[in-house]
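Structure at a glance
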Amino acid sequence: MTEISIVIPVYNEEETIPELYTRLLGLLTLLHEKFAVPNDNVEFIFVNDGSKDNTLQSLISVTQQHASFKVINLSRNFGHQIAVTAGIEMAVGNAVVLIDADLQDPPEFIIDLYAKYKEGYDVVYAVRQRREGENFFKLATAKMFYRLMQRITNMNIPLDTGDFRIMGRNVVDVINSMKEKHRFIRGMVTWVGFKQTGLLYHRKERFAGQSKYPLIKMMRFAWDGITAFSTSPLRMVSYLGFTIATVGFLYCLYVIYAKIFTNETIQGWASVMIVTLIMSGINLITLGVIGQYIGRISEESKNRPLYIIDKIYQKNVS
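Quick summary incoming for the structure in this document. Because the structure is a prediction, the values reported are computed rather than measured.

A few words on the pairing of strand β1 (residues 4–10). The element β1 is extensively covered by neighbouring structure, given that 7 of its 7 residues are classed as buried. On β1, burial covers both faces: Ile4, Ile6, Ile8 and Val10 on one face and Ser5, Val7 and Pro9 on the other are all buried. Here β1 pairs with strand β2 (residues 42–48) via 7 bridges, running parallel. By the bridge assignment, proline 9 is partnered in β2 with valine 47. With helix α1 (residues 17–35) bridging β1 and its parallel neighbour β2, the resulting β-α-β unit is right-handed. As judged from the 4 bridges shared by β1 and strand β4 (residues 95–98), these two strands associate in the parallel manner. Within the sheet, the bridge partner assigned to serine 5 lies in β4 and is valine 96.

Dropping the structure here:
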């Protein structure tokens, strides 16, 4: 039976594949030397998420060189979290590791994660102690996001972590039973519970290429995480509406008082326009937030598959 499945989502990483393959072969050797895990008890699952370069061809070449490697080629780009989901569902190992293909997360650190997992933990996640090659803005917004998530949800999502982790089969089975469309894997793993711990590591700079998570994608990812595990945005717009309504009521009392008991001239036009514009903006924001949640309900109700597999590539073993 397969002991370890290593899931690697890939999108436009053709420059990284040769180096990644070399280091994964080294990982195989380390697993055998330190834990006596046979090579045929380890599987590497690359999930090609609709890459537009020669990533797929590079991955197919890798699968022809070693029987432990397989490629799940998705029919189009479904997004990082869906690609991770596809890999998790295809994994058959007692333990499943999640790691990105850009080599910012060192494959060799899987040895440390696996050693900690063998101590009896169900989940061991990698905690970023240092993050090389990332600018101040990205570091600051990442810290702010994780701390915001802890404040507005009822879950203690570990700070400064990504998807890089190892999970036991009991956790994987529960994750596979969760079919929501807008997925936030690290939040889902926290929600599952069981015995979890973290290990510090140094995150490296990208080996090659550009980040596949520009600002817009990061904002969308953060919004998915917030709305997947919290209704705080709905409560916030409710509080905002109540506050504005209270201020408006007090202003109405002032206008009535000024009209009846004073000789002040109320010009009216400017104040009416300001109030109208502010209220219109708040209404649109409120409807937008509510619409986001309703849209997610609509998508869930359609019950479409999370992803579509085009083809699976693996070396034929006679």
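Moving on to the packing of α1 against helix α4 (residues 110–117). The interhelical angle for the contact between α1 and α4, taken along N-to-C directions, is 35°, at an axis separation of 10 Å. The way α1 lies across α4 gives a crossing that is right-handed. Between α1 and α4, the contacting residues are Leu27, Leu30, Leu31, Lys34 and Phe35 on the first element and Ile110, Ile111, Tyr114 and Ala115 on the second. A breakdown of the residues in the contact of α1 with α4 according to their chemical character gives 8 nonpolar, no polar and 1 charged.

Take the packing of aromatic side chains next. One pass over the full model with this rule turns up 8 aromatic pairs. Relative to phenylalanine 164, the ring of phenylalanine 109 lies with its centre 6.1 Å away and its plane at 55°, an arrangement referred to as tilted. Of this pair, phenylalanine 109 sits in the loop between β4 and α4 while phenylalanine 164 sits in strand β6 (residues 161–168), and the two are 55 residues apart along the sequence. Judged by its relative accessible area of 2%, phenylalanine 164 is buried. Here the basic side chain of arginine 76 rests over the ring of phenylalanine 78, its NZ or CZ set 3.9 Å away from the ring centre. Positioned over the ring face of tyrosine 121 is lysine 195, at 4.7 Å from the centre of the ring.

Below, the discussion takes up the side chain of serine 5. Relative to the elements of secondary structure, serine 5 occurs in strand β1. Residue classification places serine 5 among the buried positions, given a relative accessible area of 0%. A polar atom in the side chain of serine 5 sits 3.4 Å from the backbone nitrogen of valine 92. In this structure, serine 5 is in contact with Glu43, Ala91, Val92, Gly93, Ala95, Val96 and Val97, ignoring residues within four places of it in sequence.

Next up on the list: helix α7 (residues 185–192). What sets the pattern is the α-helix's 3.6 residues per turn: residues three or four places apart point alike. Most of α7 sits out of view: 7 of its 8 residues are buried. Restricting attention to buried positions, one finds in α7 the residues Ile185, Arg186, Gly187, Met188, Val189, Thr190 and Val192. Two residues or fewer past α7, glycine 193 is found with a positive phi of approximately 90°.

Thresholds, definitions, all that
Residues numbered from 1 in each chain as written. Predicted model: local features only at pLDDT ≥ 70, side-chain atom pairs only at ≥ 80, totals over all residues. Heavy atoms only, no water. Buried < 20%, exposed > 50% of the residue type's maximum accessible area, 1.4 Å probe, protein only. Helix = DSSP H or I, 4+ residues; strand = E, 2+ residues; numbered from the N terminus. Pairing = 2+ DSSP bridges. Right-handed = clockwise from strand over helix to strand, strands pointing away. Axes fitted to C-alpha atoms, helices over the stretch in contact; angles between N-to-C directions. Left-handed = near helix turned anticlockwise from the far one by under 90°. Contact = heavy atoms within 4.5 Å. Nonpolar A, V, L, I, M, F, W, Y, C, P; charged D, E, K, R; others polar. Phe/Tyr/Trp six-rings, centres within 6.5 Å; stacked < 30°, edge-to-face > 60°. Lys NZ or Arg CZ within 6 Å of the ring centre and 35° of its normal. Polar contact = N/O pair within 3.5 Å; in protein donor to acceptor, adjacent residues only side chain to side chain.

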